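# Understanding the architecture of this molecule
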Amino acid sequence: MIQPLNGNVKINRFTDNRLILVLLLIVLLLLTVIVDDKFDRPKVVEFYDGLKTHIVKTYETDVDSFLRSQNISLAKGDILLNSLSEPLADSMEIRLIKVSEEIIIEEEPLAYKKIMQLCEALAPGEIYELRSGAQGLKKNYYKVTYHNMIQKSRQLLGEVICEKPRDQVVLCGKAAYAAGFETSSWQKMSFNVVVAGDKNSRWKEELKNNGAMFGIALVASKIIHEGSLIEIEGYGKFIVKNDDSRTTDAAEASAAPNGSAGETHPAQTAFTQSAANIKLIMPDNISKNLTMRKRNVKVRLI
């Protein structure tokens, strides 16, 4: 038989003990710290990798560990705008500039010069192109640096001349020379050629040294300078010597009909006065196979 309580029994509630309550709060606080440490929230980082932009959530603590987690290795020359030891923070920006270099080659044409020479054998306003001009070629070597594929700098490393320009050489009459040949009329100059042997052996040594490649061309000094190399149509290549007395003899011979010196045909007088006369000295074994006299021959400066 259960007897009722007489009302002297006291019931203690958990919250009535302050010491237990304080201890319980401390335990809960410690648990909160531990749980927060174990389950840290990720940081959102804006990563600029060259021209690419990535929004990355990461648990890494600094820039160095973040780059490693993204398998990013810094190449030589790359620029990182952050410090590797900089701590990561939420909404942080990490900027990496990718640097690359290349060597490029650019071709540059080289202009040729126009050289005028006074020639009294031409009519005053006439000119004759002794040698045509040709552009040269130069290669320039540059080191070009790019930041994120955008050119940042350009440095000239050196240059190489592959082909030298060939100057244009023109003979001008007095009026053309004074006015400049650009405004003058282009006329074909008349060259009269006479082939002669070296009777007095004056050019024996030079002919021997030149071999079969070059003969000797006696040309008036007012037309072509001594030492120049010329190519005469139908005859070959020659070294120019200035001997005005001998070229005068050649003029007389070329003006005479049938090759007889001293007999000048009236119809040829004007032609001879405006013509340039060239006397070729060659070994006998070569000269015997060539035409002894020829008019209106093309001459080109080599």
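Look above for the structure.
None of these values were measured; they are calculated from a predicted model.

What follows covers the overall build of the chain. Helices and strands together make up the secondary structure of the chain, namely 7 helices and 18 strands. Looking at the chain as a whole, 33% of its 302 residues qualify as buried. When contacts within the chain are restricted to residue pairs at least 6 apart in sequence, those whose partners lie at least 24 apart make up 67%. Here the chain has roughly 19900 Å² of accessible surface; of this, 53% comes from carbon and sulfur atoms.

Judged by pairing direction, the sheet is mixed, and its 7 strands sit side by side in the order β17-β12-β16-β13-β15-β14-β18 without closing on themselves. Looking along the sheet, the strands with just one partner apiece sit at the ends: β17 (293-294) and β18 (299-301).

Okay, the sheet that holds strand β8 (residues 136-147) next. Two pairing modes exist for strands in a sheet, parallel and antiparallel, and in both the strands are linked by backbone hydrogen bonds. Here 3 strands make up an open sheet; going across it, the order is β5-β8-β9 and the pairing antiparallel. In this open sheet, the two edge strands, each paired with only one partner strand, are β5 (99-110) and β9 (150-163). On average, adjacent strands in this sheet sit at an angle of 20 degrees to one another, irrespective of strand direction.

Take the state of the cysteines next. With the rule as written, the count across this model stands at 0 disulfides. Unpaired in this structure, C172 has its nearest cysteine sulfur neighbour in C119, at a distance of 8.8 Å.

So, about the pattern of salt bridges. Tallying each qualifying case throughout the model produces 7 salt bridges. Across the salt bridge formed by E159 and K138, the nearest N and O atoms sit 3.4 Å from each other. A residue pair is termed long-range when its members are at least 10 positions apart, and E159 in strand β9 and K138 in strand β8 qualify at 21 residues. Residue class for K138 comes out buried when judged on its relative accessible area of 12%. Of the charged contacts in the structure, one is a salt bridge between R300 and E231, with a shortest N-O distance of 2.5 Å.

Attention now moves to a nonpolar patch on the surface. Taken together, L21, L24, L25, V27, L28 and L31 make up a surface patch of nonpolar side chains, about 510 Å² in accessible area. Inspection of the secondary structure puts L28 in helix α1 (residues 18-38). Taking the relative accessible area as the measure of exposure, L28 reaches 44% and is therefore partly exposed.

As a further point, take the nonpolar core. The biggest cluster of nonpolar side chains holds 27 residues, and the ones touching the most others in it are I223, I230, I232, I278, L280 and V299. Those elements giving two or more residues to this core turn out to be β7 (126-131), β10 (168-172), β12 (191-196), β13 (214-219), β14 (229-232), β15 (236-241), β16 (276-281) and β18. Not counting the four nearest positions on each side in its chain, I230 is found in contact with A217, I224, G236, K237, F238, V240, V299, R300, L301 and I302. Formed by 11 residues, the second largest nonpolar core is a distinct cluster that contains V56, L67, L80 and L88.

Attention shifts here to the pairing of strand β2 (residues 52-58). The two faces of a sheet get side chains in turn, since along a regular strand they alternate between them. With 7 bridges connecting them, strand β1 (residues 43-49) and β2 associate as antiparallel partners. Bridging across to β2, D49 finds its partner in K52. Between β1 and β2, which pair antiparallel and follow one another directly, the connecting turn spans 2 residues, one of which, G50, has a positive phi of 65 degrees.

Criteria and thresholds
Residues numbered from 1 in each chain as written. Predicted model: local features only at pLDDT ≥ 70, side-chain atom pairs only at ≥ 80, totals over all residues. Heavy atoms only, no water. Helix = DSSP H or I, 4+ residues; strand = E, 2+ residues; numbered from the N terminus. Buried < 20%, exposed > 50% of the residue type's maximum accessible area, 1.4 Å probe, protein only. Contact = heavy atoms within 4.5 Å. Areas by Shrake-Rupley, 256 points an atom, 1.4 Å probe, with all protein chains shown as cover. Pairing = 2+ DSSP bridges. Axes fitted to C-alpha atoms, helices over the stretch in contact; angles between N-to-C directions. Disulfide = S-S within 2.5 Å. Salt bridge = Lys/Arg side-chain N within 4 Å of Asp/Glu carboxyl O. Patch = residues over 30% accessible without salt bridge, like charges linked within 9 Å, V, L, I, M, F, W, Y side chains within 5 Å. Core = buried A, V, L, I, M, F, W, Y, C linked by side-chain atoms within 4.5 Å.

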